[in-house]
Amino acid sequence: MRSRQRMFAAVMRLLLKCLRLGRRRRFKLVRQVEQLWHYGHLCLRSLLYNSFTNGDVVLDSLFEPVYWLVDHVTRWFGVVFVALVIGLTSSIVAIVYICLLPLILQTYTPAWICWHLAYGHWNLIMIVFHYYMAITTSPGHPPQAKNDLTGVSICRKCIAPKPARTHHCSICNRCVLKMDHHCPWLNNCVGHYNHRYFFSFCLFMTMGCIYCSISGWDMFRDAYAAIERMKLLEKERLQVAANQTYYQTPPPTFSFRQRAFHKSVVYLWVLCSSVALALGALTLWHAALITRGETSIERHINRKERQRLQKKGKVSRAHGMGAGWGRARCDVPFPVLQVFRNPYSYGGWDNWKVFLGVDVPRHWLTRVLLPSPHLPHGTGLSWDLPPCMTEQRMPLLAI
């Protein structure tokens, strides 16, 4: 009996030891998992932590595959886009000459005929000239040879100094002077030497589309009504033909030439109106940037810099305030925060004069209203005061 009790006690002690050992091992395993988790989390944060990281950086990182795809697709489809612009524009010009011009010469008064001929051909010449110059003119690139070029930074892809306002184009795989953007419709970058050609093309193309839409509104309504009558009469003709023999089928109500004329007028109006809305919005956007003396890239950079300095309290959130000292009611001087300004802006009107290359009043005619291949001010490597400016407006805070 005693031997059984001793044996039972020994088994119970062994069982308790096993339970204690298993509990220790389980607790030790849990502690090891927690330590690995904290260590991995610390390593991840140490590798990814950046004081400048924000929502925009995260979005840019997520969209990086999309950017890569767009860069490579745009590089190969640039020629297709240029051919599409030339084809659509040529189709509109052909419709105007073949369909509308004979009608204008027969129905309009001599004064209106002279107006349409003069304005239409002038607008067409400006569109063709500026588009040709925009796609054939190089936007400008920094020199590759070693020289005394002063760069504000180093391009990480070209491993070369970048002058002010110069940015790297991932599609052209080169740095571009005063880069605005890469335009697939030009198959070229928009930069220092062809920025004026690009904007002038957008402006005159928008003006031409608006002109065609307004001038052809009455013709479009008549053509659309005629097409609807064609459909109705065609349906009636088929119903009558179903009850008659083959040789009794009536001839078509409208000829092929009439059908082509009406459909061409509808096509012209719809295409011109659509392009006028889309390209007009783009033209207004670039006009606002030119008024501020910025490019598309610089607008984004200036906005981010302004927000960063506002968070640090270095610049004022209110516009129009100057730098200096003011006085409160108690006559104690207090600092007035600086206002962030674009360092390359000379004022709205002067920015347009610099952009268009207007040095004297007659240049508004010879360089703006007529085709002109004149070069922009400067070389794109340095940004000195243009000759048309009498005094330089120094920015309060130039970053």
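Residues numbered from 1 in each chain as written. Predicted model: local features only at pLDDT ≥ 70, side-chain atom pairs only at ≥ 80, totals over all residues. Heavy atoms only, no water.

Trainee: Can you help me understand the packing of aromatic side chains in this one?
Mentor: When we look at a pair of aromatic rings, we describe it by the centre distance and by the angle of the planes. As enumerated under the stated definition, the model contains 16 aromatic pairs in all. With centroids separated by 6.3 Å and ring planes inclined at 85°, the aromatic side chains of Trp352 and Phe355 adopt a geometry described as edge-to-face. Within this pair, Trp352 and its partner Phe355 are both found in helix H9 (residues 348-356), separated by three residues, close to a single helical turn. Judged on exposure class, the residue Trp352 and its partner Phe355 are both buried. (Phe/Tyr/Trp six-rings, centres within 6.5 Å; stacked < 30°, edge-to-face > 60°. Helix = DSSP H or I, 4+ residues; strand = E, 2+ residues; numbered from the N terminus. Buried < 20%, exposed > 50% of the residue type's maximum accessible area, 1.4 Å probe, protein only.)

Trainee: I tried to follow the pattern of salt bridges on my own but got confused; where do I start?
Mentor: Where charged atoms from two side chains of opposite charge come close, those side chains can pair. Per the stated rule, a full pass over the model turns up five salt bridges. Notably, a salt bridge pairs Glu298 with Arg165, separated by 2.6 Å at the nearest N-O pair. Taken together, the residues span a long stretch of sequence, with Glu298 in helix H8 (residues 296-312) and Arg165 in the loop between strand S2 (161-162) and strand S3 (167-169) at a distance of 133 residues. Grouping residues by exposure puts Glu298 and Arg165 together as buried. A salt bridge links Asp359 to Arg367; the shortest N-O distance between them is 3.7 Å. Classification of Asp359 by relative accessible area gives partly exposed; the value is 32%. We classify Arg367 as partly exposed; its relative accessible area is 22%. (Salt bridge = Lys/Arg side-chain N within 4 Å of Asp/Glu carboxyl O.)

Trainee: How should I be thinking about the layout of surface pockets in this particular structure?
Mentor: If a probe as big as a water molecule is rolled over the atoms, it shows which places are left empty. Approximately 1000 Å³ is the volume found for the second largest pocket. What lines the second largest pocket is a set of 41 residues, among which Thr89, Ile92, Ile127, Met205 and Cys209 lie closest to the centre. Broken down by secondary-structure element, the contributors of at least two residues to the lining of the second largest pocket are helix H3 (64-107), helix H4 (110-136), strand S5 (181-183), helix H5 (195-215) and helix H7 (256-292). In terms of residues, the lining of the second largest pocket owes the most to one element, H3, which gives 11 residues. Its residues assigned to classes, the lining of the second largest pocket shows 32 nonpolar, nine polar and no charged. (1 Å grid on protein atoms, 1.4 Å probe; cavity = no way out; pocket = protein on both sides within 12 Å on 5 of 7 lines; lining within 4 Å. Points joined across faces, edges and corners; volume = space filled by probe spheres on them. Nonpolar A, V, L, I, M, F, W, Y, C, P; charged D, E, K, R; others polar.)

Trainee: Could you clarify how one ought to interpret the state of the cysteines in this entry?
Mentor: Scanning the model with the defined rule gives zero disulfides in all. Cysteine Cys183 is unpaired, with the sulfur of Cys202 as its nearest cysteine sulfur at 6.9 Å. (Disulfide = S-S within 2.5 Å.)

Trainee: What exactly am I supposed to notice about the environment of Lys314 here?
Mentor: Here Lys314 is to be found in the loop between H8 and strand S7 (324-327). Distance in space between the C-alpha atoms of Lys314 and Phe340 is 9.1 Å, their sequence separation being 26 residues.

Trainee: Looking at this structure, how should I read the UniProt feature "transmembrane region" (unreviewed entry) in the chain?
Mentor: The UniProt entry lists residues 76-100, 112-133, 197-220 and 265-288 under the feature "transmembrane region" (unreviewed entry), expressed in the numbering used here. Taken end to end, residues 76-100 is 100% helix and 0% strand, and its two terminal C-alpha atoms sit 37 Å from one another. As a span, residues 197-220 carries 96% helix and 0% strand, and end to end its C-alpha atoms are 32 Å apart. (UniProt positions renumbered as here; feature names shortened; annotations may be inferred.)

Trainee: Honestly, H4 in this entry has me stumped. Any pointers?
Mentor: Since one α-helical turn is 3.6 residues long, residues separated by three or four positions face the same way. Along its 27 residues, H4 runs 39 Å from first to last C-alpha, staying within 8% of the 39 Å computed at 1.5 Å per residue. Turning to H4, its buried residues are Ile113, His116, Tyr119, Asn123, Met126, Ile127, His130, Tyr131, Met133 and Ala134. (Expected span 1.5 Å × (residues − 1).)

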